Amino acid sequence: MAYPGTAQPKRSRSVRRRKRLWPRVARWSATILFACLVLGVVAAAFWLRSAARAALPQLDGKLQLHGLSAPVLVRRDAHGIPHIQAAAQADLFFTQGYVTAQDRLWQMDMFRRNASGTLAEVLGPSLVRHDIAQRVLEFRNVAARIAANMSADDRARFEEYAAGVNLYIQQHPDTLPPEFHLLHYRPEPWTVVDSIAVGVMMVQTLDTHWDVKLTREQIASRLHNPRLESELYPVGSWRDRPPTGEVLDLSKPHPEPAPPAGSDDEDDDRSQASALPDPDLTGLRDTLGLPACDACASGSNNWVIAGAHTASSRPLLSNDMHLSLGVPDIWYMADLAAPGYHAAGVTLPGLPYIVEGHNEHVAWGYTALFADVQDLYIEKLDGHGHFLAADGSWQPIGVDHETIRVRGGHDLSITVQVTPHGPLLNPILNGETRPIALRWTLYDSTLNSLPLYAMNTAASWSDFSAALAQWCWPTQNLVYADDQGHIAYQAIGRVPLRPAGLQGVPIADAHHEWQSYIPFDSLPNAVDPPAGFLATANARVTTEKSPYPLSLEWSDPYRIERIYKSLQGRDQLNPADMLALQTDVYSEVDQELGQRFAYAIDHADHVDDRLRAAADLLRTWDGRLTPDSAPASIVTQTRKALGSMLLEPKLGKDAALYRWSESNFALEEIVMHAYPQWLPPGYKDWDNFLAAAVRQAMDQGKAPANISLWTYGSWHILDLEHPLTAFLPFLRGIAGTGPHPLSGDVTTVKQASGTVGPSQRFTMDWSNIDGSTENITLGESGNPLSPYFRDQWTDYSNGTTFALPFTPSAVASQAQHTLRLVP
């Protein structure tokens, strides 16, 4: 009979041996797994490097391109910028498409997918919400409509460009940019509609303000007070400098602000009329692909100076366009020459022509006008597929059916409903129960012109202004200078006529319909003004003499005020002065706020040594936001803290929704005038409140104990990353800039927020066309192994620049590579 446990000694020895063996097995397994992982990473890096190297374009020698009618010469200068010389314009735009694809094909594909709402097809479910928004906004349909209404000549040039792109794709099936291999897909053939879609993407970036009307309505319903609302949403300011060209008396004292409309106890009729829904508007701007930080909207600076005030006696023109920064650059530099056409500057990858720059006779640059070209209308529906029309009849709602393909997920079908006002936005407005339609000049089927070709070939202001009269969108401030010594400013783009006035919230009545558009000649403009210079920086451009209002939302006035104070009254100006102003990081308002914070600390209760040290730094600060400045950290972080400390007591969670392009001016007025209605509960006075804000700023910003060591550049950085870094983190070390200390802020001429900043810098010198300068942020190539991927970064980040050769002799003498394209 066997008893339990009689075989136990043998089993115990076996178990002990296995127990001793397992750690060794585990160690060996971990070692092998780690080795496999390392080998996998090395193999992946080697593969990626090989794929990137194989995708580098041919820059020298001879290349046969079917589709050319005659040989074309492509010279590249020291920065890889292509200078294309063709015997016919058709060959020129064909080659422009081909060469742009050499350097930026994957970016071009992302641009068209971004506009068309097809990113999820290659990037997966995280882009579904974005694609839904772009489909609801009808951008692909708009691009198709514009393409169908182009002139025959313009369409032919767009088709040549597309043919050049497609030939590059056909010739390089196995050596496409590495992103296509990483994501395992091939680009579809390029079309005219794709090029228009890329242009529409830029219109969306520069003209979208409808989201602010929704958030303003929600904030106003919480405030229940028109006076508080008007203080949060100022319309222009006493600091503005409209580009009238008149000589301004800058010595006049600052005027007292006009008393805000309404009274403290006056209820807002809108909020009393009916209860508003409570939609979730957080993340809406991210969904739309727009800058989400407050007061960092896409903007720009431009100015033009008559020869009477320059060292050369010839005009100078400067422009730096402030946009979201990324890898690669949004712009692609080029010099395009053929009989009847020669222009150089920046192009938008995917779109033919020069967008900003100069030709042999004229130069031009832009800033966003911020004109209001969008309205939201609350529609009346019967629940059976009909809307209430303006004549009182019920009419069927238009319907578009869209299918969104999703990589790694299920395809999604959506229905887009459209009224005569525009598409209903409800699919992208979580929790919004009212049917809200977006009216936009972009949706007007009679507007289909973007006259870049006519601008590129203009020889005088008469030619150029005739072209500008055909510009539909986006709305822009344009400055101009020519080789005859003329300078000019013109607001461009179709702006609706609204007899009942502008509306900053959704419209629920029939009295605010559009009545045609403001005549071109009635938009702000000036030619050869008495002051001898003109400038804009997204701030208010209208005056009390202007026949029509253009907007309720202008940008903060600080950049334009600084530009005027830097240029007016000065003579003997030269290109170096232009670059110094473009890179200027002095902020008058930050310096004034710093003095106010120091005064508050001096007069507050319960002040500790750390606060006193902060006050001492602020008292002696020169107002320059340099990377080594501790006062710059104190002021900017205190401004940030003040935003939430002022708004949260009145708005609760909706404080996060507040966004206004003039929010910094709103804050300045509230703080500097110590409005009692804004002092939060629990504070004795404004001095104690502001001292508390400085303390909170230092705590939230994790300032060191020695506040003088809290340098601005230690946390205010620019770190550009490849768009695939979110999906493939290892690209961070291959295709980005790494963190870089960043000077300036949103109130300085060098606007800098970490996400939005100068996307290029241009200065045209009509005394030396080959000495005119332009540079972008990183470089011409989208391939990290190209010598032209990041070669402009040093100039950009250090505030230097370089000349862009233009005349044939200068181009030939500076050519580093020469590629001959033959039929």
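In this text the structure is predicted, and so the values were computed from the model without any measurement.

What counts and what doesn't
- Residues numbered from 1 in each chain as written.
- Predicted model: local features only at pLDDT ≥ 70, side-chain atom pairs only at ≥ 80, totals over all residues.
- Heavy atoms only, no water.
- Axes fitted to C-alpha atoms, helices over the stretch in contact; angles between N-to-C directions.
- Helix = DSSP H or I, 4+ residues; strand = E, 2+ residues; numbered from the N terminus.
- Parallel < 35°, antiparallel > 145°, perpendicular 65-115°, else oblique.
- Left-handed = near helix turned anticlockwise from the far one by under 90°.
- Contact = heavy atoms within 4.5 Å.
- Nonpolar A, V, L, I, M, F, W, Y, C, P; charged D, E, K, R; others polar.
- Salt bridge = Lys/Arg side-chain N within 4 Å of Asp/Glu carboxyl O.
- Buried < 20%, exposed > 50% of the residue type's maximum accessible area, 1.4 Å probe, protein only.
- Phe/Tyr/Trp six-rings, centres within 6.5 Å; stacked < 30°, edge-to-face > 60°.
- Core = buried A, V, L, I, M, F, W, Y, C linked by side-chain atoms within 4.5 Å.
- pLDDT = per-residue confidence, 0-100.
- Pairing = 2+ DSSP bridges.
- 1 Å grid on protein atoms, 1.4 Å probe; cavity = no way out; pocket = protein on both sides within 12 Å on 5 of 7 lines; lining within 4 Å.
- Points joined across faces, edges and corners; volume = space filled by probe spheres on them.
- Expected span 1.5 Å × (residues − 1).

1. Quick look at the packing of helix H17 (residues 588-603) against helix H21 (residues 686-700)
Here comes step 1: Packing of H17 against H21 brings their axes to within 8 Å, and their N-to-C directions diverge by 110 degrees. Considering their axes alone, H17 and H21 lie roughly perpendicular with respect to each other. Both H17 and H21 take part in a crossing whose hand is left-handed. On the side of H17, the interface is formed by Arg596, Phe597, Tyr599, Ala600, Ile601 and His603, while H21 contributes Trp686, Asp687, Leu690, Ala691 and Val694.
Here comes step 2: By residue class, the composition of the contact of H17 with H21 is 8 nonpolar, 1 polar and 2 charged.

2. Re the pattern of salt bridges
Here comes step 1: In the structure shown here, the tally under the stated rule is 40 salt bridges.
Here comes step 2: Asp109 is the partner of Arg113 in a salt bridge, and the nearest nitrogen-oxygen pair spans 3.1 Å. Linking Arg113 with Asp109, this pair stays in helix H2 (residues 89-116), spanning 4 residues, or about one helical turn.
Here comes step 3: Overall, the relative accessible area of 8% leaves Arg113 in the buried class.
Here comes step 4: The exposure class of Asp109 is buried, given its relative accessible area of 2%.
Here comes step 5: A cluster of three or more residues bridged by salt bridges with shared partners is formed by Arg239, Arg241, Glu561, Lys565, Glu588, Glu592 and Glu668.

3. Quick notes on the side chain of Thr367
Here comes step 1: The residue Thr367 is located in strand S10 (residues 362-368) in this model.
Here comes step 2: Beyond its immediate chain neighbours, meaning those up to four positions away, Thr367 contacts Ser300, Asn301, Asn302, Gln476, Asn477, Thr536 and Asn538.

4. Focus: the packing of aromatic side chains
Here comes step 1: Per the stated rule, a full pass over the model turns up 23 aromatic pairs.
Here comes step 2: Measuring from ring centre to ring centre gives 5.3 Å for Phe93 and Tyr353, while their planes differ by 90 degrees; the resulting arrangement is edge-to-face. In this pair, Phe93 is assigned in helix H2 and Tyr353 in the loop between strand S8 (341-347) and strand S9 (356-359), connecting sequence segments 260 residues apart. Both residues of the pair, Phe93 and Tyr353, count as buried.
Here comes step 3: Geometrically, the ring pair formed by Tyr366 and Trp471 is tilted, given 5.7 Å between the ring centres and 40 degrees between the ring planes.

5. Considering the nonpolar core
Here comes step 1: Membership of the largest hydrophobic core comes to 208 residues, with the highest contact counts inside it found for Trp210, Trp331, Tyr366, Met455 and Phe464.
Here comes step 2: Sorting elements by how many residues they give to this core places H2 first, with 12 residues.
Here comes step 3: For Trp210, the contacting residues outside a window of four places in its chain are Leu137, Leu284, Leu288, Gln374, Leu376, Leu425, Ile428, Leu429 and Leu438.
Here comes step 4: If you look at the next biggest cluster of nonpolar residues, it comprises 16 residues, including Ala531, Ala535, Ile560 and Ile563.

6. Comments concerning the confidence of the model for the chain
Here comes step 1: Taken as a whole, the chain shows an average pLDDT of 92; of its residues, 90% reach a score of 70 or greater.
Here comes step 2: Confidence over residues 1-8 falls short of pLDDT 50; this stretch has 0 contacts with residues more than four positions distant or in other chains.
Here comes step 3: Counting contacts from residues 256-273, a segment whose pLDDT is below 50, to residues more than four positions away or on other chains yields 34 contacts.

7. Describing the sheet that holds strand S15 (residues 412-419)
Here comes step 1: Across the sheet, which stays open at both edges, the 3 strands sit in the order S14-S15-S16 with antiparallel pairing between neighbours. Each end of this open sheet is capped by a strand with a single partner; those strands are strand S14 (398-404) and strand S16 (422-423).
Here comes step 2: The sheet contact formed by S14 and S15 spans 7 bridges and is antiparallel. Looking across to S15, one finds that His401 is bridged to Thr415.
Here comes step 3: In the packing of helix H4 (residues 128-136) onto the sheet, the strands contacted are S14, S15 and S16, and the crossing angle to S15 comes to about 30 degrees.

8. A short note on the layout of surface pockets
Here comes step 1: The calculated volume of the largest pocket comes to roughly 1,400 Å³.
Here comes step 2: In terms of lining residues, the largest pocket is bounded by 38 residues, among which Asn114, Gly289, Ser324, Leu325 and Pro723 are the most central.
Here comes step 3: At the level of elements, H2, helix H8 (192-207), helix H12 (284-288) and strand S6 (322-324) are the ones that each hand at least two residues to the lining of the largest pocket.
Here comes step 4: Looking at the lining of the largest pocket, its residues break down into 23 nonpolar, 11 polar and 4 charged.

9. Details of unusual backbone geometry
Here comes step 1: Backbone torsion omega between Val327 and Pro328 reads -10 degrees, so that peptide bond is classified as cis.
Here comes step 2: Relative to the elements of secondary structure, Pro328 occurs in the loop between S6 and strand S7 (332-338).
Here comes step 3: Between Trp473 and the following residue, Pro474, the backbone shows a cis peptide bond with an omega angle of -10 degrees.
Here comes step 4: Tracing the backbone shows Pro474 in the loop between helix H14 (461-468) and strand S18 (476-482).
Here comes step 5: With a phi angle near 60 degrees, Gln572 is a residue other than glycine that sits in the positive phi range.
Here comes step 6: Assessed through its relative accessible area of 53%, Gln572 is described here as exposed.

10. Side note on empty space enclosed by the protein
Here comes step 1: Under the definition given, this model contains 9 cavities of 30 Å³ or more.
Here comes step 2: Size it by volume and the largest cavity reaches roughly 220 Å³.
Here comes step 3: Mapped onto the lining of the largest cavity, the elements with two or more residues apiece are H8 and S10.
Here comes step 4: The element contributing the most residues to the lining of the largest cavity is H8, with 4 residues.
Here comes step 5: When its residues are assigned to classes, the lining of the largest cavity shows 15 nonpolar, 5 polar and no charged.

11. Digging into the sheet that holds strand S25 (residues 760-765)
Here comes step 1: If you walk across this open sheet you meet the 5 strands as S21-S4-S5-S25-S26, and the pairing is antiparallel. Single-partner strands in this sheet number two, and they are strand S21 (533-536) and strand S26 (773-776). Going across the sheet, the axis of each strand differs from the next one's by a mean of 5 degrees, ignoring polarity.
Here comes step 2: Across the sheet, helix H15 (residues 558-567) lies against strand S4 (301-305) and S21, angled at about 160 degrees from S21, the strand it touches most.

12. A word on H8
Here comes step 1: For H8, spanning 16 residues, the distance from its first C-alpha to its last is 23 Å, which sits close to the expected 22 Å at 1.5 Å a residue.
Here comes step 2: Of all 16 residues that make up H8, 15 are buried, and the element is covered over most of its length.

13. A look at the environment of Gly799
Here comes step 1: Mapped onto the elements, Gly799 comes out in the loop between helix H22 (793-798) and helix H23 (808-813).
Here comes step 2: Judged by relative accessible area, Gly799 falls into the buried class, the value being 18%.
Here comes step 3: Excluding its chain neighbours within four sequence positions, the residues that come into contact with Gly799 are Leu579, Thr583 and Arg761.

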